[in-house]
Amino acid sequence: MASGAGIAWLLFADQSVSLLPFLRRDVTWQAVQQRGVWRVGLDPSFPPFELLDATGAPVGYDVALAQALAETWGVRAEIVAVGFDSLPDTLKAGRIDSIVSAYPYDERLTQDFLFSTPYFDAGLRIAVPVSSTIRTLSELTGQRVGVEWGSVGDMVGRRLQREGAEINLSPFETPDELIAALLEDRSLDAIFIDNVSLRQAQAAGQPLAAIDAPLESIPYVIVMPRRAAELQNRVETSLQLLKTRGDLANLENQWFGHQANKEGAQ
Amino acid sequence: MRRWRYDAGVNMLRDRRRLSLLLLVGLLLALVGVWVWRLYLPDVVLGPQQTVQTTNPKVGIHTRLTDEVEEWKIKRTLEMVREMGAPWSVEYFPWAYIEEAPGRYNWVHADQVVAHANRQGLTLIARLGFVPAWARPKDTTPLYLDEERFADFGRFAATFAERYRGKVSYVILWNEPNLALEWGYAAPDAAKYTALLRTAYPLIKAAAPEVHVLAGALAPTLAPPGSEFGVNDLVFLQAMYDAGAAAYFDILAIHAYGWHFEPDSPPDPAVVNFRRSELLRDIMVRNGDEATPAIITEGGWNDHPRWTRAVRPAQRIAYTLRAYDIALQEWPWLDALCLWVFRFPWDQNSYQDYFTFVRTDFEPKPIYTEVQRYTHELTR
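Residues numbered from 1 in each chain as written. Chains lettered and ligands numbered in written order. Predicted model: local features only at pLDDT ≥ 70, side-chain atom pairs only at ≥ 80, totals over all residues. Heavy atoms only, no water.

Caption draft 1: Spatial organisation of the overall build of chain B. Across its full length, chain B carries ten helices and ten strands. Dimensions of chain B, computed from the C-alpha atoms along their principal axes, are close to 110 × 50 × 40 Å. Looking at chain B alone, contacts between residues at least 24 apart form 75% of all its contacts between residues at least 6 apart. Counting every atom, chain B has about 17000 Å² of accessible surface; 57% of that belongs to carbon and sulfur. Across chain B, the mean location of the 41 positive side-chain charges is 12 Å away from that of the 45 negative side-chain charges. (Helix = DSSP H or I, 4+ residues; strand = E, 2+ residues; numbered from the N terminus. Contact = heavy atoms within 4.5 Å. Areas by Shrake-Rupley, 256 points an atom, 1.4 Å probe, with all protein chains shown as cover. Lys, Arg positive; Asp, Glu negative; His and termini not counted. Charge placed at Lys NZ, Arg CZ, Asp CG, Glu CD.)

Have a look at this one:
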């Protein structure tokens, strides 16, 4: 009995502590290599990360990221459109090899899946004009801070006020009005804004700078099957490569600027 | 001198042993005391009887306490619902969680939810569904139910109604029966759902005649004919009437999501919007069922920053308040408007989190504050 349990532990224990890693086969990675195709699941209803173009084909930051990663392995990324809520079950069922879908890290899923390091943080940032001397949250005391009415930024601003922060909150109906009040009307000293909207504004040429740590963090990660340790290693290595080469920054500029331009044209 | 030192040392050692023994006994007694206290005293007191203060008696919300294991969080959730000015609350009571084996019930969690909802002065609508493993074939999902098991479900619903007589006066039978997903991927069939109503309704009425039975709760969908995923809700409701469902429910449950349309966007069979509810109402009237009221048991808007079916947070607030106004002023056939969803026990890490009014840590979102302001205005 004890020896059976011991063997099971050796075979199935976490990769980092397993004594016999050579006995563990990453069937997901093997299948990707044999197929020459990395099947990536995403929900194309989440611009600029994933959306459908005029022909109905999925495009976006995550699609481009998946293609760039696959290219480093000499395979092709095949995009599989799956509803967001069904992505984990689809991965568990082996219908896809990974999820690349603006998927927030979820510690409750670590028993079922492996995660990459975050490739984007969509959380809440403090933004100021690039010419501003404000550099930290504490320097907002007595300052005028804009938020989008009803947003997470609004909620955090109200909470900071309840906790004693002496900031003067001003609500605006849209992120565009918020940014205009900061940069054009000069009626604000800082704004609380989600990082995607901020990056889109920056890509559109708005002179905005993010300061201090995110007020709230929403790290997006790539999700893989629990036993796909080799795939996880490959993803990590390639993410680092793309980061070092500046490819990730280029993708952000391409897709955040693309979306900002598209919205501006409407 | 040396002898004295020896005796003193022995005595000190004895004293230390006695002290240690006393401490050990004291610790054991304290542990037993804590155990007895935990056994006989409730962790969370119900508190005084409350009533909901509101200017709109139709305001409601769907809570999500199903997997909320800590009683203080159940209490806090329902307190905050009352403080928001919502007299109505919908909550899910999974059959599988309660009837663990045929005839063997675990009411602990359900009792807590019902007791706290009652104490906060809320009118609770209980949604019943989720099939225990013993009532379905192996390798089926907990939403799968064969017709030969309808009586088991009916008996559970009747037992539930009887247990909570005077405390829960509304029960919803099943959820979104026009979707394959909600039948464990079996084809949705209005006649089959009507058969379920025909089985469960008389059992509930025999146990608690005053309980209102809600049916429908159809998913608003534009699924084309023959879709494997679902049946258009307007088509499904008519098929329910055709199958004779009218005699087996007291109130129609409606799901009214607005997606990215404003609440005054006109009803259109080709569009999923808030006023699609009026099309369902038209079907009720056309079938001679105008005396039967309706309750919206799910609905509302989502304010995720990028989800394609979401609206901006400011729009969500304005649309939500307008929807509550429509319910009060324009829809006399509607008893309550219960929007999805008050709070989740944990973050969903998806667009679902942007349906909530309160975060998992009980941080009120601005929409909560605005609805509270709306329900507490002195003059409207």
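Right, picking up where we left off after that structure.
Caption draft 2: Representation of the domain arrangement of chain A within the structure. All names here are of chain A. Each domain of chain A was delimited in the assignment, giving domain 1 (24–121 + 219–265) and domain 2 (124–216). On a C-alpha basis, the centres of domain 1 and domain 2 stand 30 Å from each other. Tallying the contact residues gives eleven residues for domain 1 and seven residues for domain 2. Interface area for domain 1 against domain 2, summed over the two sides, is near 720 Å², with a carbon-plus-sulfur share of 59%. Counting every contact that joins domain 1 to domain 2 gives one salt bridge. One can count two residue pairs in polar contact (both at pLDDT 80 or more) joining domain 1 with domain 2. Secondary-structure elements contributing two or more residues to the side of domain 1 that touches domain 2 are strand E7 (120–121) and helix H9 (247–265). At seven residues, the largest contribution of residues to the side of domain 1 that touches domain 2 is made by H9. Taken together, the residues of the side of domain 1 that touches domain 2 break down into five nonpolar, three polar and three charged. (Domains from an automatic or database assignment. Buried area = accessible area lost by both parts, 1.4 Å probe. Salt bridge = Lys/Arg side-chain N within 4 Å of Asp/Glu carboxyl O. Polar contact = N/O pair within 3.5 Å; in protein donor to acceptor, adjacent residues only side chain to side chain. Nonpolar A, V, L, I, M, F, W, Y, C, P; charged D, E, K, R; others polar.)

Caption draft 3: Looking closely at the confidence of the model for chain A. All names here are of chain A. Per-residue pLDDT for chain A has a mean of 89; in total, 88% of the residues score no lower than 70. Here residues 1–18 is modelled with pLDDT under 50, and outside its nearest four sequence neighbours on either side it reaches 18 contacts, counting other chains as well. Note that pLDDT drops below 50 for residues 260–266; the model gives that stretch four contacts with residues more than four away or on any other chain. (pLDDT = per-residue confidence, 0-100.)

Caption draft 4: Here's a closer look at the interface of chain A and chain B. Facing 30 residues of chain A, the contacting portion of chain B comprises 25 residues. Summed over both partners, the interface of chain A with chain B comes to about 2200 Å²; 53% of that surface belongs to carbon and sulfur atoms. Of all residues in chain A, Arg108, Trp149 and Met155 of chain A bury the most surface against chain B, accounting for 26% of the area lost on that side. Our count for the chain A to chain B interface comes out at five salt bridges. Glu363 of chain B is paired through a salt bridge with Arg162 of chain A; the nearest N and O atoms lie 2.7 Å apart. Where chain A touches chain B, the interface holds nine residue pairs in polar contact (both at pLDDT 80 or more). Elements supplying a minimum of two residues to the side of chain A that touches chain B: helix H5 (152–162) and helix H7 (195–203) of chain A. When grouped by side-chain class, the residues that make up the side of chain A that touches chain B number 15 nonpolar, four polar and eleven charged.

Caption draft 5: Spotlight on empty space enclosed by the protein. Residues and elements named next belong to chain B. The final tally for this structure, using the stated rule, is two cavities of 30 Å³ or more. If you add up the space inside the largest cavity, you get close to 50 Å³. Lining the largest cavity, in full, are Tyr92, Arg127, Leu128, Gly129, Phe130, Leu143, Trp174, Asn175 and Glu182. The dominant element in the lining of the largest cavity, judged by the number of residues it contributes, is strand E5 (residues 123–129), at three residues. A per-class count over the lining of the largest cavity returns five nonpolar, two polar and two charged. A volume near 40 Å³ is recorded for the second largest cavity. Forming the walls of the second largest cavity are His62, Val90, Arg127, Ile172, Trp174, Asn175, Ala217, His255, Thr297 and Glu298. (1 Å grid on protein atoms, 1.4 Å probe; cavity = no way out; pocket = protein on both sides within 12 Å on 5 of 7 lines; lining within 4 Å. Points joined across faces, edges and corners; volume = space filled by probe spheres on them.)

Caption draft 6: How the structure looks around helix H5 (residues 150–163) of chain B. The end-to-end C-alpha separation of H5 of chain B is 20 Å, in line with the 20 Å expected for 14 residues at 1.5 Å each. Those residues of H5 of chain B lying buried are Phe150, Asp152, Phe153, Gly154, Phe156, Ala157, Ala158, Phe160 and Ala161 of chain B. (Expected span 1.5 Å × (residues − 1). Buried < 20%, exposed > 50% of the residue type's maximum accessible area, 1.4 Å probe, protein only.)

Caption draft 7: Focus on the side chain of Asp43 of chain A. Looking at where Asp43 of chain A falls in the secondary structure, it is placed in the loop between strand E1 (37–42) and strand E2 (51–52). Buried within the structure, Asp43 of chain A lacks any salt-bridge partner; Arg309 of chain B is the closest side chain of opposite charge, at an N-O distance of 8.4 Å. Of the polar contacts made by the side chain of Asp43 of chain A, one reaches the backbone nitrogen of Phe84 of chain A; its length is 3.0 Å.

Caption draft 8: Main features of the pattern of salt bridges. Under the criterion given, the structure shown has 34 salt bridges over all chains. Linking Lys92 of chain A and Asp112 of chain A is a salt bridge whose minimum nitrogen-to-oxygen distance equals 3.7 Å. Remark: Asp112 of chain A occurs in the loop between strand E5 (98–104) and strand E6 (113–115) and Lys92 of chain A occurs in helix H4 (residues 87–92); sequence separation between them is 20 residues. Residue Asp112 of chain A is classed as partly exposed on the basis of its relative accessible area, which comes to 31%. Residue Glu83 of chain B is joined to Arg82 of chain B by a salt bridge in which the shortest nitrogen-to-oxygen separation is 3.9 Å. What makes Arg82 of chain B buried here is its relative accessible area of 14%. Residues joined in a network through salt bridges with shared partners are Asp264, Arg275, Glu278, Arg322 and Glu330 of chain B.

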